[in-house]
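The chain contents come next:
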Amino acid sequence: MKRIFLCFILAVSAGTARAGISAGVDQTFGSSHYRGTRFKAAIDLGRTAYIAPSYSFYSSDLTSATFRSMALRLGWEWGPMSFGVDGAFQPKTDGYRRTSIGADATLSLTPGKSRNGRALAGPSSRGAGAFGAGLAGIDVGAAVARISHADDIQTPPGSHGRRLPRTTELVINQTDVSIFAGLRFFAAEFSAEATKSRYDRDLGAVNAREAQYLELSGLGSIIQGFPDTSFNAQVKWKSLPLLKPFASYTRTTFVIESAPSTAYEVGARLGLNMVTLKASYQRYRQKGFDDRNYYTLGGNFNF
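Since the model is a prediction, treat every value here as computed from it, not as a measurement.

Okay, the overall build of the protein chain next. Scanning the protein chain from N- to C-terminus turns up one helix and 14 strands. Residue pairs at least 24 apart in sequence account for 52% of intrachain contacts in the protein chain once pairs closer than 6 positions are excluded. Surface summary for the protein chain: the accessible area is close to 17,100 Å², and the carbon and sulfur share equals 61%.

What follows is the structure, given as C-alpha cells:
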C-alpha cells in the first residue's frame, strides 16, 4: 500500500512539473512521551484543482503501539465555490483499523466587483460599490464524513481498562456532519467549526474500547476516543509583514464514559516566501487525566 501511494504521488508530480507544489513536515512532542509526525504536500493540477497527500504517525505512553495513517485529498474551485473529497487509511495496528471518506463544499463571498457606481458623475455614479477597509471576505461551508472503525479488542465494564480479545472483529460506522464559517476583518481572520458525530452501534453495549486514532479540527496532537460533539474557534492576525500569530480553542464531548475535554493552542507562522515556518504550544485538559502539554515545530517549502 505504501509503495502504491508513493508511486502515485511521484507520477502526479512528474506530470505537473510547472504547477505550484508545497511540501512540508510537522513534528509534535509532549506529555507522556508523545511523538507525532506529519508529512504533507499539495500539488496544483492546473489553475482550479489540487491534490494533497499526507502521511502521519504517533505514539505515546497512553498508546499500545505506533499508529500510522495515509490520507489523500482532491480539491477544486468553481467561481465562488470550493469543493473537496478526501480519504484516509490506517492499517490494522494492535487490533485496530480505521478508514474514512468525506466531502465538503465552501462558498466564499468577497467585496463586489460590479461596474455599477464606478462613474464619477451622472446616474452611473450612484451605486454603492465596495471601498475602504474592514470586512474583506466571508466563507461558509459544510462537510460530511463516513468513518469505519474495526477492532479485535474489547474493554468490558468493570475491567478497569483490561483488554480482552474478541471472537469476531467489531465494526463501528461513524458519520460526522460539520458546519464552518470564517471572515476576514481588517488584519484579523476568524473561523469556527462545529461537528456532530453519530454511530450505528451502542458503543457501551458492544464493549468498544476508545478509537485509537482521532484527529480533531484545531488539535495539533492525535488523541483517542469516540467524539460526540466538537467545536473549534480560531483567530489569526496578519498585521505584521512576515509573522502571522494565531490562537485556537477546542471543546469536545465524548460517548461511552470519557469526560469532555478542552484544548488551547497559541502559535505563529513565519512566511519567508518559499519557506513557511510554524511553532505552537497546546494545552489539553480532560477530567480524570493530568493536563497535557504539546509543542509543534513545522516547515513548508513552496515552489
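From this point, things continue past the structure.
The subject of this paragraph is empty space enclosed by the protein. Under the criterion given, the structure shown has one cavity of 30 Å³ or more. By volume, the largest cavity is sized at about 60 Å³. Lining the largest cavity are 14 residues, and of these Asp151, Leu170, Ile172, Arg209 and Phe226 sit closest to its centre. Elements with a contribution of two residues or more to the lining of the largest cavity: β7 (135-154) and β8 (164-185). Here the lining of the largest cavity is built from residues that sort into nine nonpolar, one polar and four charged.

We now examine the environment of Asp290. Checked against the element boundaries, Asp290 lands in the loop between β13 (275-286) and β14 (292-302). Separated by 258 residues in the primary sequence, Asp290 and Ser32 place their C-alpha atoms 9.9 Å from one another.

Right, let's get into the pattern of salt bridges. Scanning the model with the defined rule gives 14 salt bridges in all. One network of salt bridges, in which partners are shared, links Lys92, Arg97, Asp152 and Glu169.

Here the focus is the side chain of Thr262. By the secondary structure assignment, Thr262 is in strand β12 (residues 261-272). For Thr262, a relative accessible area of 13% puts it in the buried group.

Here we come to the pairing of strand β9 (residues 188-199). Of the pairings in the sheet, the one linking β8 to β9 comprises twelve bridges and is antiparallel in character. Paired with Leu183 across the bridge in β9 is Phe190. The antiparallel hairpin formed by β8 and β9 contains two residues in its connecting segment, where Phe186 sits at a positive phi of about 50 degrees. Pairing of β9 with strand β10 (residues 227-237), which is carried by nine bridges, proceeds in the antiparallel orientation. Paired with Glu189 across the two strands is Lys236, which belongs to β10.

Before going further, it helps to spend a moment on the nonpolar core. Judged by nonpolar contacts, the single largest core of 22 residues is most densely connected at Ile172, Ala208, Ile223, Phe226 and Tyr284. Ignoring anything within four residues of it in the chain, the contact list for Ala208 reads Thr155, Arg166, Leu170, Ile172, Leu203, Phe226 and Ile256.

Moving on: the environment of Gln154. Structurally, the position occupied by Gln154 is in strand β7. At a separation of 3.3 Å, a polar atom in the side chain of Gln154 contacts the side chain of Asn207.

Considering all chains together, one arrives at twelve aromatic pairs under this definition. Centre to centre, the rings of Phe67 and Tyr96 are 6.5 Å apart; their planes meet at 75 degrees, and the pair counts as edge-to-face. Separated by 29 residues along the polypeptide, Phe67 in strand β4 (residues 67-78) and Tyr96 in strand β6 (residues 96-109) bring together distant segments of the chain. Both residues of the pair, Phe67 and Tyr96, belong to the buried class. Judged by centre distance (5.5 Å) and plane angle (50 degrees), the ring pair of Tyr249 and Tyr264 falls under tilted. Separated by 15 residues along the polypeptide, Tyr249 in strand β11 (residues 243-254) and Tyr264 in strand β12 bring together distant segments of the chain. Taking the relative accessible area as the measure of exposure, Tyr264 reaches 38% and is therefore partly exposed. Grouping aromatic residues by their ring pairs yields a cluster made of Tyr34, Tyr58, Phe67, Tyr96, Tyr213 and Tyr294. Positioned over the ring face of Phe57 is Arg68, at 5.2 Å from the centre of the ring.

The rules behind these values
- Residues numbered from 1 in each chain as written.
- Predicted model: local features only at pLDDT ≥ 70, side-chain atom pairs only at ≥ 80, totals over all residues.
- Heavy atoms only, no water.
- Helix = DSSP H or I, 4+ residues; strand = E, 2+ residues; numbered from the N terminus.
- Contact = heavy atoms within 4.5 Å.
- Areas by Shrake-Rupley, 256 points an atom, 1.4 Å probe, with all protein chains shown as cover.
- 1 Å grid on protein atoms, 1.4 Å probe; cavity = no way out; pocket = protein on both sides within 12 Å on 5 of 7 lines; lining within 4 Å.
- Points joined across faces, edges and corners; volume = space filled by probe spheres on them.
- Nonpolar A, V, L, I, M, F, W, Y, C, P; charged D, E, K, R; others polar.
- Salt bridge = Lys/Arg side-chain N within 4 Å of Asp/Glu carboxyl O.
- Buried < 20%, exposed > 50% of the residue type's maximum accessible area, 1.4 Å probe, protein only.
- Pairing = 2+ DSSP bridges.
- Core = buried A, V, L, I, M, F, W, Y, C linked by side-chain atoms within 4.5 Å.
- Polar contact = N/O pair within 3.5 Å; in protein donor to acceptor, adjacent residues only side chain to side chain.
- Phe/Tyr/Trp six-rings, centres within 6.5 Å; stacked < 30°, edge-to-face > 60°.
- Lys NZ or Arg CZ within 6 Å of the ring centre and 35° of its normal.

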